[in-house]
Amino acid sequence: RHAVCIFYLVLRALDTIEDDMTISLDVKVPMLHEFHSYLYQPEWKYMESKEKDRQVLEDFPTISMEFRNLSKVYQDVISDICHKMGVGMAEFLEKKVDSQHEWDKYCHYVAGLVGIGLSRLFSASELEDPIVGQDTELANSMGLFLQKTNIIRDYLEDQLEGREFWPREVWSRYAKKLSDLAKPENIDMAVQCLNELITNALHHVPDVLTYLSRLKNQSVFNFCAIPQVMAIATLAACYNNKQVFRGVVKIRKGQAVTLMMDATNIQAVKAIMYQYVEEIYQKIPSTDPSSNKTQQVIASIRAMSLPGGPMASRHHYSPIYLSCAMLLAALSWQYLSTISKATEEYVQAGEN
């Protein structure tokens, strides 16, 4: 618990530096490269940030002290991931995401590394088998699926803030400039571009299911599975949806609560994945340029999600558990909003 908490706060601090547009590149790039070393400098802090999360930089000595109190095996993982992520962030500060390969690379730096680091922590704690931390390809896919979902959903917000994360190799087939996709006259081409990127993201789902199938600890499973089912639900809501280019597409609060309650075992997660890829399948336009690829990737997900167990998990909950959960939903709307926001931040996975 402590290792994961400190890992999150360290990466939140790193991400706050990356996001702060008031820091000049000649200052920011060396900071990103050296950030991992600040973990071992008891007095280091940064007081000039204008970002909303600047507290993690201003009070960094508290975070770094707790970091140094962790077992060395945890320190080594966190420091290593922090170093790799800082170098990667610096690389993409000075270039845009052009090819689909570079899209994967960017998502690896800001989210795949989070998945790899968490997996190494799970194994180091001995709550999970060594293979969970060793199989970096699957752990990377866990992060990429979340990050791509976030990038796809946040098209308009990123445009308004001057950020571009959609890969040029894809969007250039549909528009001269990425910003052109938001113009009403380009909506049909914009939706086709959206569908192609969602199809790309869906290719990570088989890896996600394989990763989750290896987990043994219930808390670790819930921690990993809930963001993944939130992501597939978000992609289903975004698929072939013009609203992505007009505002924010989010899953409903009640839907989020149901997903949190249900995603407690691998068969339940498979059922959820099956449900949402079916939803996407039903919306595939026959005229969509990516329709064949979308159908193919959905077929591969179906093959992994079909029975090996019950297709729904809700029946195993006791009435009292359901009653408590629904009471929470009814009486604590603001609390649920906070939970939803926290989950969305995890869906961003690289704290982006």
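Rules used in this analysis
Throughout, residues of each chain are indexed from 1 in the direction in which the sequence is written. Given that this is a predicted model, residues contribute local features only at a pLDDT of at least 70 and side-chain atom pairs are listed and counted only at 80 or more, while totals for whole chains, interfaces and linings are drawn from all residues. Processing note: side-chain calculations cover all non-hydrogen atoms of the structure and skip hydrogens and water entirely. UniProt positions are given in the numbering used here, feature names are shortened, and annotations may be inferred rather than shown by experiment. Only DSSP runs of H or I reaching four residues or more are called helices, and only runs of E reaching two or more are called strands; each is numbered from the N terminus. To sort residues, take the accessible area from a 1.4 Å probe on protein chains only and compare it with the maximum for the residue type: under 20% means buried, over 50% means exposed, and anything in between is partly exposed. Areas reported as accessible are Shrake-Rupley estimates using a 1.4 Å probe. Residue values count occlusion only from the protein chains shown. Here, nonpolar core refers to any group of buried Ala, Val, Leu, Ile, Met, Phe, Trp, Tyr and Cys residues whose side-chain atoms link them within 4.5 Å. Segmentation of the chain into domains, including their bounds, is taken from an automatic or database domain assignment. Here, two residues are considered to be in contact whenever any of their heavy atoms come within 4.5 Å of each other. Geometry of aromatic contacts follows a simple scheme: Phe, Tyr and Trp rings, the Trp one being its six-membered ring, pair when their centres are within 6.5 Å, and the pair is stacked under 30 degrees between planes, edge-to-face over 60, tilted otherwise. Two conditions define a charge located above a ring, namely a distance within 6 Å from the ring centre to NZ of Lys or CZ of Arg, and an angle within 35 degrees of the ring normal. Throughout this description, the term salt bridge denotes a Lys or Arg side-chain nitrogen within 4 Å of a carboxyl oxygen of Asp or Glu. The span one expects for a helix is its residue count, reduced by one, times 1.5 Å. Between N or O atoms, a polar contact is any pair within 3.5 Å; within protein, one atom must be a potential hydrogen donor and the other a potential acceptor, and residues adjacent in sequence are included only when both atoms are from side chains.

Looking at an unreviewed UniProt entry, one finds the protein named Squalene synthase, with Thalassarche chlororhynchos as its source organism. Among the UniProt annotations of the protein, the heading Sequence similarities (unreviewed entry) holds the following wording: "Belongs to the phytoene/squalene synthase family." According to UniProt, the comment filed for the protein under the heading Cofactor (unreviewed entry) is "Mg(2+)".

Before going further, it helps to spend a moment on the overall build of the protein. Within the protein, the secondary structure is distributed over 18 helices and 0 strands. A burial count over the protein gives 53% of its 352 residues as buried. Accessible surface for the protein amounts to roughly 16100 Å². Of this, 54% is attributable to carbon and sulfur atoms.

Attention now moves to the nonpolar core. Ranked by internal contacts, the top residues of the largest apolar core, which has 110 residues, are Phe-35, Trp-166, Leu-181, Leu-202, Tyr-211, Leu-212 and Phe-245. When residues are assigned to domains, this core turns out to be shared by domain 1 (1-94) and domain 2 (150-305), each giving three or more. Residues in contact with Tyr-211, not counting those within four places in the same chain, are Ser-119, Phe-122, Val-132, Leu-138, Ala-139, Met-142 and Cys-224.

A few words on the side chain of Thr-16. Among the secondary structure elements, Thr-16 is positioned in helix H1 (residues 2-19). Taking relative accessible area as the criterion, Thr-16 reaches 2% and is therefore assigned buried. With near-sequence residues (within four places) excluded, Thr-16 lies in contact with Ser-49, Glu-51, Asp-53, Arg-54, Val-56 and Leu-57.

Our focus in this paragraph is the packing of aromatic side chains. Overall, the coordinates contain 13 aromatic pairs when judged by the stated rule. The interplanar angle of 75 degrees and the centroid separation of 5.5 Å between the aromatic rings of Phe-35 and Tyr-38 together place this pair among those described as edge-to-face. On the criterion of helical spacing, the pair formed by Phe-35 and Tyr-38 is a turn pair, its members being 3 residues apart in helix H2 (residues 25-38). Pair check on accessibility: Phe-35 and Tyr-38 agree, each one buried. Look at Tyr-38 and Trp-44: their rings are 4.1 Å apart centre to centre, the planes differ by 10 degrees, and that puts the pair in the stacked class. Among the residues examined, Tyr-38 registers a relative accessible area of 11% and is labelled buried. Directly above the aromatic system of Phe-92 lies the positively charged group of Lys-95, at a separation of 4.7 Å from the ring centroid. In this structure, Arg-302 is placed above the aromatic ring of Tyr-281, and the distance from its NZ or CZ to the ring centre is 4.3 Å.

Turning to the pattern of salt bridges, a few remarks are in order. Once their charged atoms are close, side chains differing in charge can pair, the charge on each being opposite to the other. Inspection of the entire model under this criterion finds 22 salt bridges. Asp-53 is the partner of Lys-52 in a salt bridge, and the nearest nitrogen-oxygen pair spans 3.9 Å. The exposure class of Asp-53 is partly exposed, given its relative accessible area of 24%. Here the salt bridges do not stand alone but share partners, grouping Arg-12, Asp-15, Lys-52 and Asp-53 into one network.

Turning our eyes to something else, we now look at helix H13 (residues 218-238). Between its first and last C-alpha, H13 extends 30 Å over 21 residues, near the 30 Å set by a 1.5 Å rise per residue. Where burial is concerned, most of H13 is hidden: 16 out of the 21 residues are buried. The N-cap of H13, judged by a side-chain oxygen 3.0 Å from the amide nitrogen of Ser-219 a few residues on, is Asn-217. The positive-phi residue at the C-terminal boundary of H13 is Asn-240, with phi of around 55 degrees.

Before going further, it helps to examine unusual backbone geometry. Within the chain, Glu-126 stands out as a residue other than glycine whose phi angle is a positive 70 degrees. Relative to the assigned elements, Glu-126 resides in the loop between helix H6 (100-124) and helix H7 (130-134). Residues other than glycine seldom take positive phi values, yet Asn-240 does so here, at roughly 55 degrees. Inspection of the secondary structure puts Asn-240 in the loop between H13 and helix H14 (253-262).

On to the environment of Val-205. Inspection of the secondary structure assignment puts Val-205 in helix H12 (residues 205-213). Since its relative accessible area comes to 0%, Val-205 is described here as buried. Placed 27 residues apart in sequence, Val-205 and Ile-232 show a C-alpha to C-alpha distance of 8.6 Å. Here Val-205 is in contact with Phe-145, Ile-232, Met-273 and Ile-301, once residues within four sequence places are set aside.

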